[in-house]
Amino acid sequence: MSGITSSTALWYASRATGVVCLVLLSVVMVIGILVNQQGRLPGLPRFAVLGLHRNLSLLTVAFVVVHVLTAVADSFVSISLAAAVIPFASAYKPLWLGLGAVSLDLMAAVIVTSLLRRHIGRRSWRLVHWLAYASWPFAVLHSLGASTDLREGLFRDLAIACIAAVVAAVAWRAARARTSVPRARRIPELMVPGVQARRGVPGGRPPGQVQRVPGGDR
Amino acid sequence: MSHRQQNSPPRRTPAAVAARDRGRARLRAATVSAAAASLVAAWAVALNLPGAASSAASSVHHATSGTSGTSGTWGTSGTSGTRGTSGTSGTSGSGSSSGASSGLGSPNSAPTASPGGGQVTSGGS
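Not measured: the values here are computed from a predicted model.

Undergrad: An account of the overall build of chain B is needed here, citing residue identities and associated values.
TA: Within chain B one finds three helices and zero strands. When the helices and strands of chain B are placed in sequence order, the string is α-α-α. With 125 residues in all, chain B has 32% of them scored as buried. In chain B, the proportion of contacts linking residues at least 24 apart, taken out of those at least 6 apart, comes to 64%.

Undergrad: Give me the packing of helix 1 (residues 9-36) of chain A against helix 7 (residues 131-146) of chain A: which residues, what numbers.
TA: All names here are of chain A. The N-to-C vectors of helix 1 and helix 7 enclose an angle of 155°; their axes lie 10 Å apart at closest approach. In terms of orientation, helix 1 lies roughly antiparallel with respect to helix 7. Seen from above, helix 1 lies across helix 7 with left-handed handedness. Residues Gly-18, Leu-22, Leu-25, Met-29 and Gly-32 of helix 1 lie in contact with helix 7, whose contacting residues are Ala-132, Trp-136, Ala-139, Val-140 and Ser-143. For the contact of helix 1 with helix 7, the per-class residue count stands at seven nonpolar, three polar and no charged.

Undergrad: Please give an account of unusual backbone geometry that cites residues and values.
TA: Residues and elements named next belong to chain A. Even without glycine at this site, Phe-88 takes up a positive phi of about 60°. Within the secondary structure layout, Phe-88 lies in the loop between helix 3 (81-85) and helix 4 (94-115). For Lys-93, which is not glycine, the phi dihedral falls at a positive 45°.

Undergrad: Quick one: what's the story with helix 4 of chain A, residue by residue and with numbers?
TA: All names here are of chain A. Taking 1.5 Å as the rise per residue, helix 4 with 22 residues should run 32 Å; its terminal C-alpha atoms sit 31 Å apart, in good agreement. Inspection of helix 4 places Leu-97, Gly-98, Leu-99, Gly-100, Ala-101, Ser-103, Leu-104, Met-107 and Val-110 among the buried residues, and these make up the whole buried set. Where the residues of helix 4 are buried, they touch helix 2 (46-73), helix 3, helix 6 (122-129) and helix 7.

Undergrad: For the nonpolar core, give the residues involved together with the corresponding values.
TA: Counting residues in each nonpolar core, the largest one holds 55 residues, and the members touching the most others are A:Ala16, A:Val20, A:Leu22, A:Leu24, A:Leu25, A:Met29 and B:Ala46. Going through the elements one at a time, helix 1, helix 2, helix 3, helix 4, helix 7 and helix 8 (153-179) of chain A together with helix 2 (14-48) of chain B are the ones with two or more residues in this core.

Undergrad: Can you explain the environment of A:Leu69? Please cite residues and give values.
TA: Its place among the elements puts A:Leu69 in helix 2. Along the sequence, A:Leu69 and A:Ile79 sit 10 residues apart, while their C-alpha atoms lie 9.8 Å from each other.

Reading the values: the criteria
Residues numbered from 1 in each chain as written. Chains lettered and ligands numbered in written order. Predicted model: local features only at pLDDT ≥ 70, side-chain atom pairs only at ≥ 80, totals over all residues. Helix = DSSP H or I, 4+ residues; strand = E, 2+ residues; numbered from the N terminus. Buried ≥ 20, exposed ≤ 12 C-beta atoms within 10 Å, placed from the backbone. Contact = placed C-beta atoms within 7 Å. Axes fitted to C-alpha atoms, helices over the stretch in contact; angles between N-to-C directions. Parallel < 35°, antiparallel > 145°, perpendicular 65-115°, else oblique. Left-handed = near helix turned anticlockwise from the far one by under 90°. Nonpolar A, V, L, I, M, F, W, Y, C, P; charged D, E, K, R; others polar. Expected span 1.5 Å × (residues − 1). Core = buried A, V, L, I, M, F, W, Y, C linked by C-beta atoms within 7 Å.

What follows is the structure in structure tokens.
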């Protein structure tokens, strides 16, 4: 009874993987924000949360690849592989597909630099990793603009939930960043006073100075 | 003495090693679960996408609710029509598919007739 046949399978696969990609990308964003703020998930140690973020990112990329390839392979609309990668090169819905291509390129940059993290240095990696924040809104706009699937019914609610989750996570991170102590100041505060002094941390005692214990003179 | 302790590698007690192994196992389980859930979700989404349901019922709905047309063809004024599947739509139906609701629209693709007098609802973009 389903409308999915052999001739329409690619069409439905492309649309379905697109919906799943949006959900996965939103989850990756939320976990990424959680990891950055030393967050934990129930039952998982912190290193596992970090690993889950990485694994889900790769899973998302796999679904994105299937989404793009099925869209290109399907003959219902003509989308070239170049149009899927080069922004605004598509003859079909150039704006919306172009936004998807931008999101794909940003995602690829984040993944590649993450794989080459040891070689490019943490600072460069972090700079590029911020692009993940830009990738998500482009993906959302692409999803809402290129397809009507997410504009009604259950899928609309799903899209709203994804947007709400990421916006809430970003707001939470922004609020915490405003109130928390920067890492550069936080680490010395946690260190023992002697180490503070040796490293020349402001507020630390100079070398050789003995810590005075209240009542120790007696 | 304390300086030497700071430079020495952290000791890995059996408890810490076991905790790390448990964490790895949970990470693996969570990743596999997420991958399986994603595949199942993709399948479920595909089945529930607009147009994936029974095409016959959908076509009858279009035939009855569409504005009157001439004959034989579906209207092409749809914003994004469902992709046609097979010729199972209404027999005497003619009408506009302006209310079509589904995925990517074909760029002004004309609806094609299917064997048996059925119509396909591939609306224009």
